Amino acid sequence: MKVQTIMADLERKHPGESEYLQAVQEVLESIEEVYNLHPEFEKAKIVERMVEPDRIFTFRVTWVDDKGEIQTNLGYRIQFNSAIGPYKGGIRFHKAVNPSMLKFLGFEQTFKNALTTLPMGGAKGGSDFDPVGKSDAEIMRFCQAFMWELWNNIGPDTDVPAGDVGVGGREIGYMYGMYKKLAREYNTGVLTGKGMTWGGSLIRPEATGFGALYFVEHMLAKAGKSIKGATVAISGFGNVAWGAATKATELGAKVVAISGPDGVVYNPEGMNKEKLDYMLALRASNRNIVAPFAEKFADATFIPGKKAWSIKCDIALPCAFQNELNGDDAAELVANGTWCAAEVSNMGCTPEAIATFQGAGILFAPGKAVNAGGVATSGLEMTQNAMHISWSAAEVDSKLHYIMESIHAACVKYGTQEDGYINYVKGANIAGFMKVAQAMLEQGIV
Ligand code: GLU
């Protein structure tokens, strides 16, 4: 396999799909060496088959807004790879959603899900529907219209969507309600991230952020460091950022920044219960601005137009969107003394940022390892649904701990370089790839 040849072919077939091409390139560069040691992979054209989704559904979603006007959006579901289990992955509602974004996310999801130790394939879906400023009734009508098209192509053993940016418990509720009506079956396992009274799993809302911090703890322990007393900058203020901020605080770190599209909140005293609760209220307000946090808490300051990476910190945790931390941001962080960066968002760092962190020899781990606790706990939700039982929070949390520890160990196994530096990007990509590739090989040409 030659990365350049495959990339040239993909660029010709999918011109302009920059996020998708970026995600594929990163994985191929990581696995090239190992792949070429396995002629059976080459013979079965594993890479050529793995980089293309199995299928893409594109559909029109028409709904009526509060003024009675008819609105039309585009909906998608990308079923990427089902070698190791049913398609599994979130749904993103964001105005910038397009096939390139969802293909990158579906591709990443395939490897991430393989890392979780659970049997889940990779998928992603979403819409260019912009939830910002929409009323609750509009959100409900949109979710119902979206599910009206999607319901027939998903199922507990076929494809199991969940939340992502712009899709939380409320949206999953509205989508499940419509699914149940159309399918005429109480198939709880068809979606994850459900409410606690109707098949949801305890710890799922916290899982992405908590799991990320468990991973960071392992990464720091391996490097002989501790999170206690460290300063942490977090981007975003949604569910994932909240989970990360909550666990970081519990572990004795000081969360000195959270951010939104409007700017960054500098929070030198760190978080407390009231502030963490307020983060959730702020997200639920649907206005997508973080400034009110600094109006409510006198020790915090809002700096308009700035990113979280302008705040001096030991640990940087991108928790918002892809490519939200670029090469210049990484250089600023390194210059300010940051010694660890972990992507909690999917592909939160640009390739230049990753190269800067790795070049400076600081600890860096990629989203598909760090944030896998979210989808892993979705997998645990599917298991509980299939067994028609609910585990206690302690039971789910202990399984999540074990999964994050396993992911960390897999990264170390495949990513430790001769000089001792652990390349977590390489480690995660190779570990995920080997599992999916082996399954594809054994299942023949399909
Ligand atoms: N959207 C999340 C992710 O990127 C969760 C997916 C899921 O739970 O299926 O992994």
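Procedures and definitions
Residues numbered from 1 in each chain as written. Predicted model: local features only at pLDDT ≥ 70, side-chain atom pairs only at ≥ 80, totals over all residues. Heavy atoms only, no water. Phe/Tyr/Trp six-rings, centres within 6.5 Å; stacked < 30°, edge-to-face > 60°. Helix = DSSP H or I, 4+ residues; strand = E, 2+ residues; numbered from the N terminus. Buried < 20%, exposed > 50% of the residue type's maximum accessible area, 1.4 Å probe, protein only. Pairing = 2+ DSSP bridges. Axes fitted to C-alpha atoms, helices over the stretch in contact; angles between N-to-C directions. Contact = heavy atoms within 4.5 Å. 1 Å grid on protein atoms, 1.4 Å probe; cavity = no way out; pocket = protein on both sides within 12 Å on 5 of 7 lines; lining within 4 Å. Points joined across faces, edges and corners; volume = space filled by probe spheres on them. Nonpolar A, V, L, I, M, F, W, Y, C, P; charged D, E, K, R; others polar.

Participant: Please explain the packing of aromatic side chains as it appears in this structure.
Facilitator: In this description, a pair of aromatic rings is defined by centroid distance and the angle of the planes. Scanning the model with the defined rule gives 22 aromatic pairs in all. Ring geometry for W63 and F142: centres 6.0 Å apart, planes at 85 degrees, overall edge-to-face. One end of the pair, W63, is in strand β1 (residues 55-64); the other, F142, is in helix α6 (residues 136-150), with 79 residues separating them in the sequence. For the pair shown, W63 and F142 are each scored as buried. Members of the aromatic cluster, connected to one another through ring pairs, are F59, W63, F93, F129, F142 and F146.

Participant: Honestly, unusual backbone geometry in this entry has me stumped. Any pointers?
Facilitator: Note: most residues except glycine have negative phi, and most peptide bonds are trans. Of note, the phi angle at T117 is positive, near 80 degrees, even though the residue is not glycine. Following the sequence through the fold, T117 ends up in the loop between α5 (99-115) and β4 (122-127). Assessed through its relative accessible area of 38%, T117 is described here as partly exposed. If you check the backbone angles, N286 has positive phi at about 70 degrees while not being a glycine. Mapped onto the elements, N286 comes out in the loop between α10 (273-284) and α11 (292-296).

Participant: Explain the sheet that holds strand β7 (residues 254-260) here, please?
Facilitator: To summarise the sheet geometry, strands pair through backbone hydrogen bonds and adopt either a parallel or an antiparallel arrangement. Strand order in the open sheet formed by seven strands is β9-β8-β7-β6-β10-β11-β12, and the pairing between neighbours is mixed. Strands at the two margins of the open sheet, each flanked by one partner only, are β9 (301-304) and β12 (363-365). Strand-to-strand twist of the sheet, defined as the mean angle between neighbouring strand axes without regard to direction, takes the value 15 degrees. Bridging between strand β8 (residues 263-266) and β9 involves four bridges; their strand directions are antiparallel. Directly across from V264, in β9, lies its bridge partner I303. In the packing of helix α8 (residues 204-222) onto the sheet, the strands contacted are β10 (315-317), β11 (340-342) and β12, and the crossing angle to β12 comes to about 145 degrees.

Participant: In this structure, what is going on with the environment of V216? I would like to understand it.
Facilitator: In this structure, V216 sits in helix α8. On a C-alpha basis, the gap between V216 and A365 in space is 8.5 Å, while along the polypeptide they are 149 residues apart.

Participant: Explain the layout of surface pockets to me, please; I cannot follow it from the model alone.
Facilitator: Sizing a probe to match a water molecule and rolling it over the atoms shows the empty space that remains. Of the pockets and cavities examined, the second largest pocket occupies roughly 280 Å³. If you go around the second largest pocket, you meet 14 residues; those closest to its centre are E26, E29, P351, I354 and V425. Elements represented by at least two residues in the lining of the second largest pocket include exactly α2 (18-35), α13 (351-359) and α17 (424-442). Partitioning the lining of the second largest pocket into residue classes produces six nonpolar, five polar and three charged.

Participant: Would you take a moment to explain the sheet that holds strand β5 (residues 159-162) for this structure?
Facilitator: Strand order across the open sheet formed by five strands is β1-β2-β4-β3-β5, with mixed pairing between neighbours. Strands at the two margins of the open sheet, each flanked by one partner only, are β1 and β5. Between one strand and the next, the sheet's axes are offset by a mean angle of 20 degrees, whatever the strand orientation.

Participant: Even after reading the chapter, I still don't get the side chain of K247, so can you show me in this structure?
Facilitator: With respect to the helices and strands, K247 occurs in helix α9 (residues 239-250). Overall, the relative accessible area of 6% leaves K247 in the buried class. Apart from the residues lying within four places of it in its own chain, the contact partners of K247 are F210, L213 and Y214.

Take it as geometry only, folks, not as evidence of what the structure does.
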